[in-house]
Amino acid sequence: MLAVPKQEGLYRVGHRYFRVVKLFDICTARHEEISRDICKKIRDCVYMGDCTIVYRYDAELGRAVAEIYSEK
Amino acid sequence: MEINKVGRNKIEVKELDRTVTIEVNRVGRQLLVSIAADGKVTDLSLKHVQNEKLIRTLRKFGVSDVSRVVSYIANMTMVKTIEAPRAIFMNMEDVVDVATGNPVGQLVETFYHTRDGWRMYANNEVREAYNVVARIKNLDRLFWHYNTADVNYEDVYLLADVAREVGEVLKQYVVLPRGEYYDVVASWIVLTYIRWAAPYSELLIIRKPGFGQGGSTLLKTARLLAARPLKLVVNSSPAAFYRTVDFAMPTIALDEIREDELDDEKLAELKLLAESAFDEENVVLRVDEGEVEAFSTFANVVVVDSTDKFTTYSSERRAWVVVVKAAAPPRMYDRYEILKATERLRERLYSIGIVLPTVFYPKWRQLAAEQGVGALKAVIEIAAGLGQDVSIFNNALAAVAAQLAYARETAALSDPKQTLVDIINRIIHDARRELEDAARVSNPHEVLTLVEPVDPDYKCGVIYMQKFIREIRRRAVEIDRIVTSKLDSVYYTTTEHRYWFRIAKDLEMYIKPAKIKAVLQEMDIKVYIDQNRNYVVRICRE
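Criteria and cut-off values
Residues numbered from 1 in each chain as written. Chains lettered and ligands numbered in written order. Predicted model: local features only at pLDDT ≥ 70, side-chain atom pairs only at ≥ 80, totals over all residues. Heavy atoms only, no water. Helix = DSSP H or I, 4+ residues; strand = E, 2+ residues; numbered from the N terminus. Contact = heavy atoms within 4.5 Å. Lys, Arg positive; Asp, Glu negative; His and termini not counted. Charge placed at Lys NZ, Arg CZ, Asp CG, Glu CD. Buried < 20%, exposed > 50% of the residue type's maximum accessible area, 1.4 Å probe, protein only. Arc of directions from axis to C-beta. Disulfide = S-S within 2.5 Å. Buried area = accessible area lost by both parts, 1.4 Å probe. Salt bridge = Lys/Arg side-chain N within 4 Å of Asp/Glu carboxyl O. Polar contact = N/O pair within 3.5 Å; in protein donor to acceptor, adjacent residues only side chain to side chain. Pairing = 2+ DSSP bridges. Axes fitted to C-alpha atoms, helices over the stretch in contact; angles between N-to-C directions. pLDDT = per-residue confidence, 0-100. Patch = residues over 30% accessible without salt bridge, like charges linked within 9 Å, V, L, I, M, F, W, Y side chains within 5 Å. Areas by Shrake-Rupley, 256 points an atom, 1.4 Å probe, with all protein chains shown as cover.

Points about the overall build of chain A
From N to C terminus, chain A includes two helices and four strands. Helices and strands in chain A line up, N terminus first, as β-β-α-β-β-α. Taking as baseline every contact in chain A between residues at least 6 positions apart, the subset at least 24 positions apart corresponds to 46%. When the 13 positive and 11 negative side-chain charges of chain A are each reduced to one mean point, those points stand 3 Å apart.

Here is the structure:
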């Protein structure tokens, strides 16, 4: 869905914030299935393959997290 | 409890035994919320979503997790609408890694308008876009065909086939004297689908030696095959016309513009449009309901130019020209048949038109910036990169590049200012020669006619401005001669040669002191005032 990289992290596209999470380091078929199921339960979530999901943060939450990130 | 989004402004809340549908609409500052379940509907008019009345109603409908539903509705109402600038537009955004603040990629989203609403194409995927507002209705009445909803990345691999097919359709309906003209027209047609993303669009000029040569047939066929062809042109009201062109970037076909058939205002308008349609940045200002509005004139224009209305130097530099020839037996133009036979072809073309600039954005942008052949070069480079046969585009590029080079070489013919610059250069060259000769010979004052020397060594001299202008005028003169005995007139009984001297009509407007001063300034030649308060041009030999 999005041109975000597969690396874990928080990405900003304009005013939209996206979180990329790799759910399992060792990704078997069973793990993939679980990841896909988890993604289905999150709003605006896309499964990127390889047990990695990307989902959209609400604008306010995204800004708040980005602020924490930048303080780090 | 489960929440499902069923539309832009509609959700379904599934409880154990029932389903509640909630729809939110914004009217001015008010929100209209309709809650429906089991055939019972309750409507609420609210200022904010976080409202007691809404919470109570939701409870009444048996929604268990009210706070989650309210937050969902709040999110839905926050969606901002975008006023669409055009029927197709691109949105570019950097993907920034928040941790480092560095851009890690670029997201190119293309929004396009179809008969069934807006779509967005990004990352090889088409989605419906709900938050875009179009300013146009009645598409069927305006265009012969319009953007199709289906866009598929795989279609770019068919680019060469599609171009060949367009060429074959052309061959079926029109006869052109040279083979490469089919490639030029086919390439122009393919590009009409992609030019919405380019900074320039090229004019296609159809030339013909006379009437009945098939110019209009080619024009109509090319129009039907090109992107978003407008149905009518000449008799539309300017406001409606500009609005449509501004929004849709259509293909406009102009046939046989003749001064005697159109009133001056309309002719001027069409000329302005055709001359300014080439640049994406050009706009016309018009007063619309008491407010000044800017309308873009960017469009794909094809003209049959039998009266050479559009053959000016400025249009020559970006025009693609084809010449038509009468066919025997004449080919028949059949709109119904063409439209029916090319439906799939057009769908592919629309699809390619969206995908190509979106997916190959950096390369497209870099190459398409060149006026005249940039878009064609970009298509060749991208298609060749995908391993396709680009011979049609290459043939067209060769033909068009040759035309544009010819237009540049012969600029002096169609550009009177260039002629004036040539005359001034020749005068200055002659003045220098006079100074050189004067330094060499024993009778310098007989040599000097143009220039007055300012030093005894004849290194430098001046030309008086009056003399300079007179000299320009003299060199711009054309001479007509008649031999009276060859005339049929009864008044001449003797043989006599008569001459007319007149300044070439094209140059007349440039031979004015102010304009000559401006041209001299452009050529980096200064005009001085000498001690007798005469204007002079100073010239030194090398």
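Next comes the rest of the description.
Comments concerning helix H20 (residues 513-522) of chain B
Residue and element names in this part refer to chain B. Within the sequence span of H20, burial applies to Ile516, Val519 and Leu520. Looking down the long axis of H20, one finds its buried residues gathered within 100° of arc, a one-sided arrangement. Set apart from the buried face of H20 by more than 90 degrees, the exposed residues are Ala514, Lys517, Gln521 and Glu522. Buried residues belonging to H20 abut helix H16 (416-440), helix H18 (465-475), strand E22 (527-529) and strand E23 (535-540). With its phi angle positive at about 65°, aspartate 524 sits one or two positions after the end of H20.

Remarks on the state of the cysteines
The tally for this structure, following the rule as stated, stands at three disulfides over all chains. Each disulfide pairs two cysteine sulfurs, and for Cys27(A) the partner residue is Cys51(A), the sulfurs being separated by 1.9 Å. Linking Cys27(A) and Cys51(A), the disulfide has an S-S dihedral of approximately 85° and is accordingly described as right-handed. Taken together, the positions of Cys27(A) in the loop between strand E2 (16-22) and helix H1 (29-41) and Cys51(A) in the loop between strand E3 (45-49) and strand E4 (52-57) put the pair 24 residues apart, joining distant regions of the chain. Exposure remark for Cys27(A): the relative accessible area of 23% places this residue in the partly exposed category. Put simply, Cys460(B) and Cys540(B) are joined by a disulfide, and their sulfur atoms are 1.7 Å apart. Residues Cys460(B) and Cys540(B) share a disulfide whose torsion about the S-S bond is about 105°; that sign makes it right-handed. Within this pair, whereas Cys460(B) is found in strand E19 (residues 460-464), its partner Cys540(B) is found in strand E23, the two being separated by 80 residues in sequence. Using a relative accessible area of 31% as the deciding quantity, one classes Cys540(B) as partly exposed. Numbered by order of appearance in the sequence, the disulfide-linked cysteines of chain A pair as 1-4, 2-3.

Digging into the interface of chain B and chain A
Counting from both sides, the interface comprises 16 residues of chain B and, opposite them, 16 residues of chain A. Summing the contributions of chain B and of chain A, the shared interface buries around 1400 Å²; its carbon and sulfur component is 58%. Applying the counting rule to chain B against chain A returns two salt bridges. The closest approach of N and O atoms between Arg16(A) and Glu93(B), which form a salt bridge, is 3.8 Å. Summed over the shared surface of chain B and chain A, the number is three residue pairs in polar contact (both at pLDDT 80 or more).

Re the sheet that holds strand E7 (residues 88-97) of chain B
What the eight strands build is an open sheet, ordered E3(A)-E4(A)-E2(A)-E1(A)-E7(B)-E8(B)-E9(B)-E10(B); its pairing is antiparallel. Lying at the two open borders of the sheet, with one neighbouring strand each, are E3 of chain A together with strand E10 (125-129) of chain B. Strand after strand, the sheet turns through a mean of 25° between neighbouring axes, direction not considered. Pairing analysis gives five bridges linking strand E1 (residues 9-13) of chain A to E2(A), with the strands arranged antiparallel. Within the sheet, the bridge partner assigned to Leu10(A) lies in E2(A) and is Arg19(A).

Here we look at the confidence of the model for chain A
Overall, the predicted model of chain A reaches an average pLDDT of 85, with 96% of residues at or above 70. H1(A) holds the highest mean pLDDT among the elements of chain A, 91, whereas helix H2 (residues 59-71) of chain A holds the lowest, 79.

Details of the pairing of E10(B)
For a regular strand, side chains alternate in direction, first toward one face of the sheet and then toward the other. Residue and element names in this part refer to chain B. Across five bridges, strand E9 (residues 117-122) lies against E10 in antiparallel orientation. When the bridges of E10 are listed, tryptophan 118 appears paired with alanine 129. Between E9 and E10, which pair antiparallel in sequence order, lie two residues; one of them, asparagine 123, sits at a positive phi of approximately 50°.

Observations concerning the pattern of salt bridges
Overall, the coordinates contain 22 salt bridges over all chains when judged by the stated rule. Between Glu32(A) and Arg36(A) there is a salt bridge, with its nearest N and O atoms 3.8 Å apart. Of the two residues, Glu32(A) and Arg36(A) are both situated in helix H1; the distance of four residues between them amounts to about one turn of the helix. According to the relative accessible area criterion, Glu32(A) is partly exposed, its value standing at 24%. For the salt bridge of Arg474(B) with Glu471(B), the shortest nitrogen-to-oxygen distance reads 2.9 Å. One end of the pair is Arg474(B) and the other is Glu471(B), both in helix H18 and three residues apart, which spans about a single turn. Accessibility expressed as a relative area gives 55% for Arg474(B), which makes it exposed. Three or more residues are tied together by salt bridges with common partners; here these are Asp430(B), Glu471(B), Arg474(B) and Arg475(B).

Observations concerning a nonpolar patch on the surface
All names here are of chain B. On the surface, a nonpolar cluster with roughly 420 Å² of combined accessible area is contributed by Val283, Leu285, Val287 and Val292. The dominant element in the nonpolar patch, judged by the number of residues it contributes, is strand E14 (residues 283-288), at three residues. Take valine 287: it is sitting in strand E14. Residue class for valine 287 comes out exposed when judged on its relative accessible area of 63%.

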